[in-house]
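Here is how the chains run, residue by residue.
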Amino acid sequence: MEVELLTDYKNILTFTHNDVDGVLGGFIIKYLFDNNLEDSSWDMNVKTYCCSYGKTFNLAWFKQKTEEFIEEYQENIVVYLIDYAIQPNNEMIKFYNWCKEKDVEFHWIDHHITAIENLKHFNIPGLQHSAHSGCLNTWNHLTDEEPPEIVKMISDFDIWNKGSKFSWENELFPIVYFINSLGLDLNNNENDLVKQLKLLFDNKETLGHCIDIGKFISRYVSSIHNQNLKKIYKIKWNDYDCLVLNTILPGATQFEKHPDYNDVDLCITWSFDGKYYYYGVYTTKSNIDVGYLCQQHFNGGGHKGCGGGQLKELILHEKI
């Protein structure tokens, strides 16, 4: 896909979830609209913030960052919220209405079912579709072109599509680990993250090379998962049998080799940054809605099978 320099452009502020799906969604905005990415002699007209769930990223924070952007760029302001919904949901509506009052164009692009169900009656502009990931929804919302392979791959990974045409072992995990190794900064067009993602969009041969690098990272991550197996402990929480692991690594795969993996209700990761506890929650049970649980107990949200959130306390104590 050939991207043209936009001589009559808008100034775009993007808020994305700080995972690989959100980062790729944020990059799609840059790829399609950032003049500086296409021609370094032009000023950058796209700015991106990567956000996690929790009290830090509240309505006041989103308003502040948007006010700063409006002050800097003055006019033709567009805000994209990708793979993310401000919590609680009434704050999301307040932000949408506040943007309208500021004469700021607003688009919400998401696939998290809890947020979509809670907000569907408000008809917020954008694309909310739970069958695809945030980055694929972003692409489909903005262009009729066929999405690049990397977008399809990250979408399958993020929605945990076990029927994907891509190999989980040899393609999906390696490419996700490769992109994660590049960081979150989408505002420096000269850094490795932006340069590598642009190559992945423009050059099909780049994908295989990046996957090969990611395979080495994948081996290392697998070794950490194996080491962490002995650190997993079992608790009873809110009448749920849970496997719990203190780790900064996300994902349910690190529990899969545990002998009780298929028997427990939930698998939960947690980590602490000195101020907040960050949680990842997963289930294999069809009768449990993890997104709802994370919304109710972890100040977060997610999908039916996985989600996360952020709290100031550790709530996982009742060992069994």
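Residues numbered from 1 in each chain as written. Predicted model: local features only at pLDDT ≥ 70, side-chain atom pairs only at ≥ 80, totals over all residues. Heavy atoms only, no water.

1. Section: the packing of aromatic side chains
Here's step 1: The final tally for this structure, using the stated rule, is 29 aromatic pairs.
Here's step 2: Considering the side-chain rings of F157 and W168, the 5.7 Å spacing of their centres and the 35° angle between planes classify their relative orientation as tilted. Separated by 11 residues along the polypeptide, F157 in helix α7 (residues 149-158) and W168 in helix α8 (residues 168-180) bring together distant segments of the chain. For the pair F157 and W168, a shared accessibility class is recorded, and that class is buried.
Here's step 3: Aromatic side chains W270 and Y277 sit 5.8 Å apart centroid to centroid with 55° between the ring planes, which places their arrangement in the tilted category.
Here's step 4: Taken together through their ring pairs, the aromatic side chains of F15, Y49, F57, W61, F62, Y84, F95, Y96, W98 and F106 make up a single cluster.
Here's step 5: If you follow K162 out to its NZ or CZ, it ends over the ring of W168, 4.5 Å from the centre.
Here's step 6: For the cation-ring pair, R219 lies above F216, with the distance from its terminal atom to the ring centre recorded as 5.0 Å. (Phe/Tyr/Trp six-rings, centres within 6.5 Å; stacked < 30°, edge-to-face > 60°. Helix = DSSP H or I, 4+ residues; strand = E, 2+ residues; numbered from the N terminus. Buried < 20%, exposed > 50% of the residue type's maximum accessible area, 1.4 Å probe, protein only. Lys NZ or Arg CZ within 6 Å of the ring centre and 35° of its normal.)

2. A closer look at helix α1 (residues 20-33)
Here's step 1: Between its terminal C-alpha atoms α1 stretches 20 Å, which fits the 20 Å expected from 14 residues at 1.5 Å a residue.
Here's step 2: Counting buried residues along α1, 13 of its 14 residues qualify, which places the element largely inside the surrounding structure. (Expected span 1.5 Å × (residues − 1).)

3. Comments concerning the nonpolar core
Here's step 1: Of all hydrophobic cores here, the largest spans 36 residues; its most connected members are I150, V151, I154, I175, I179, L197 and F201.
Here's step 2: Secondary-structure elements contributing two or more residues to this core are α1, α6 (134-142), α7, α8, α9 (192-202) and α10 (204-228).
Here's step 3: The dominant element in this core, judged by the number of residues it contributes, is α8, at eight residues.
Here's step 4: Discounting residues that sit within four places of it in the chain, L197 has contacts with V23, L24, F27, I179 and L186. (Core = buried A, V, L, I, M, F, W, Y, C linked by side-chain atoms within 4.5 Å. Contact = heavy atoms within 4.5 Å.)

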